[in-house]
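# Commentary on secondary and tertiary structure
So you can see what is in the structure, the chains are spelled out below.
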Amino acid sequence: MSYLKKYYIMAENELSERKMRNEEKRRANIAAAEQKVPQLKELRRGLLSGASKLASVLVSDGDPRSAVQGIAKENMSVRKKINELLISNGFKENFLDPIYGCEKCKDTGIYKGKRCSCFMDIVKNLQCLELNASSAMNLCSFASFDLNYYSDTEKALSGKTCREEMRYNLNYCIRYCDDFHLPNNGILMIGGTGLGKTHLSLAVGGELINKGYSVIYGSAPDLFRKVEREHFDSTLESDTMQLLQECDLLIIDDLGAEFESKFYLSVLYDLLNTRMNKGKPVVINTNFTLQELQNRYVGRISSRLFFMENLHFYGSDIRMIKKFSE
Ligand SMILES: Nc1ncnc2c1ncn2[C@@H]1O[C@H](COP(=O)(O)OP(=O)(O)O)[C@@H](O)[C@H]1O
Ligand SMILES: [Mg+2]
Ligand SMILES: [Zn+2]
């Protein structure tokens with residue numbers, strides 16, 4: 001089965017489950033309303049028979065226009081009556097109407113003869129889920145990011161303490177997620193090993209996934225290797241590169257840890273450039289200093305990195321602190 005087809009089938013299933021859940025919800029609404037206002041049942045039956053009368057008029061001989069008009073008028077007044085009863089009994093006006101997750105395609109997944117955007121969103125989210133399956137997105141949250149690991153006496157270059165600097169970084173990321181909007185310039189996290197860059201990147205990713213955005217997280221070596229494999233092996237049916245370009249947020253962990261190659265450079269440039277043109281952000285973290293980034297990556301890449309919000313991480317290796325405090 002082709003790579004995409006698998007996701008299309010999964011998305012179809014998701015959509016029909018969604019539809020069933022909504023139909024169930026509607027049936028419960030109708031039952032609740034009819035129990036409280038028994039009169040509604042009779043009125044709704046009248047509506048249904050109106051519809052069948054309409055059908056019989058349409059197939060009968062003669063000019064059906066006036067008959068159709070009569071039935072339509074009658075139906076309208078029944079509908080009005082139903083709504084009045086609903087409201088006067090504390091229900092919302094359209095409480096008995098069908099419920100749709102997507103008003104555009106009414107949960108059919110097709111809109112104006114094409115796949116509806118809601119369907120494509122499901123496909124995209126399924127693909128992201130699979131790519132993220134191995135990451136620790138659930139374990140690393142803002143809540144578990146403890147500022148006490150950072151010294152409140154040791155000073156950073158700015159003159160502020162490490163903890164103050166890190167509090168700024170944490171708050172920046174929380175705010176970034178709170179009012180996440182597209183386009184935005186993304187974040188570059190810079191600093192030594194064990195200072196919490198991966199932890200904070202994953203926290204951002206998890207937060208935005210919970211808000212319904214499509215997020216892909218991967219380490220630079222893993223992501224580039226995956227793209228490379230698909231690029232050079234025509235038997236692999238996949239479109240990782242396209243996903244990396246199109247997801248709402250791409251998180252590249254540990255930039256610089258990947259093998260040095262021309263191909264990877266072109267992939268990185270392509271990703272940064274395409275995403276920036278679309279106003280789609282990247283969160284990148286790296287152990288490299290700004291100078292090292294400039295040496296390793298050509299100007300058209302490093303200039304894009306510096307254009308992002310640069311957050312500097314300070315402190316001592318938390319992995320070590322945790323290990324020795326056990
Ligand atoms: N502020 C923090 N509070 C609690 N645990 C942290 C914090 N920062 C890092 N850690 C933990 O320390 C370990 C190393 O952090 P990590 O995010 O991988 O560092 P980096 O990516 O900068 O090398 C991880 O287990 C991580 O969950
Ligand atoms: Mg890391
Ligand atoms: Zn739709």
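Residues numbered from 1 in each chain as written. Chains lettered and ligands numbered in written order. Predicted model: local features only at pLDDT ≥ 70, side-chain atom pairs only at ≥ 80, totals over all residues.

Attention shifts here to the pairing of strand S3 (residues 187–190). Neither face of S3 is left uncovered, since the one carrying Ile-187 and Met-189 and the one carrying Leu-188 and Ile-190 both have all their residues buried. Looking at chain direction, S3 and strand S6 (residues 282–286) are connected through four bridges and run parallel. In the strand pairing of S6, Met-189 is matched with Asn-285. Across four bridges, the pairing between S3 and strand S7 (residues 309–312) is parallel. Residue pairing for S7: Met-189 is matched across the bridge by Leu-311. (Buried ≥ 20, exposed ≤ 12 C-beta atoms within 10 Å, placed from the backbone. Helix = DSSP H or I, 4+ residues; strand = E, 2+ residues; numbered from the N terminus. Pairing = 2+ DSSP bridges.)

Let us look at the site of ligand 1. Taken together, 14 residues sit near ligand 1, with Asp-146, Gly-196, Lys-197, Thr-198 and His-199 positioned nearest. At the level of elements, helix H6 (197–210) and helix H12 (318–324) are the ones that each hand at least two residues to the shell around ligand 1. For the shell around ligand 1, the per-class residue count stands at five nonpolar, six polar and three charged. (Near = placed C-beta within 6 Å. Nonpolar A, V, L, I, M, F, W, Y, C, P; charged D, E, K, R; others polar.)

This part is about helix H3 (residues 65–88). The end-to-end C-alpha separation of H3 is 35 Å, in line with the 34 Å expected for 24 residues at 1.5 Å each. Note on H3: the residue one or two positions beyond its end, Gly-90, has a positive phi of about 85°. (Expected span 1.5 Å × (residues − 1).)

Another aspect to go through is the packing of helix H9 (residues 262–277) against helix H11 (residues 299–307). Two elements in contact, H9 and H11, have axes separated by 10 Å at closest approach and are oriented at 45°. Put simply, H9 runs oblique to H11. Crossing geometry of H9 relative to H11 is assigned as left-handed. Seen from H9, the contacting residues are Leu-268, Tyr-269, Leu-272 and Met-276; seen from H11, they are Arg-300, Ile-301 and Arg-304. Residue composition of the contact of H9 with H11, by class: five nonpolar, no polar and two charged. (Axes fitted to C-alpha atoms, helices over the stretch in contact; angles between N-to-C directions. Parallel < 35°, antiparallel > 145°, perpendicular 65-115°, else oblique. Left-handed = near helix turned anticlockwise from the far one by under 90°. Contact = placed C-beta atoms within 7 Å.)

So, about the sheet that holds S6. In a beta sheet, neighbouring strands are held together by backbone hydrogen bonds and run either parallel or antiparallel to one another. Judged by pairing direction, the sheet is parallel, and its five strands sit side by side in the order S4-S5-S6-S3-S7 without closing on themselves. Where the open sheet ends on each side, the last strands, each with one partner, are strand S4 (215–219) and S7. If you compare each strand with its neighbour and ignore which way they point, the axes differ by 15° on average. As defined by bridge partners, S4 adjoins strand S5 (residues 249–255) across five bridges and the pair is classed as parallel. Bridge assignment links Val-215 to a residue of S5, and that residue is Leu-249. With respect to the sheet, helix H7 (residues 220–232) is in contact with S4 and S5, its orientation differing from that of S4 by roughly 105°.

In terms of burial, S5 is largely enclosed, as seven of its seven residues are buried. Both S5 and S6 contribute to a ladder of four bridges, which runs parallel. By the bridge assignment, Leu-250 is partnered in S6 with Val-282. Each parallel crossover has a hand, and the one from S5 via H9 to S6 is right-handed. (Right-handed = clockwise from strand over helix to strand, strands pointing away.)

Read these as layout, nothing more, since geometry by itself doesn't imply function.
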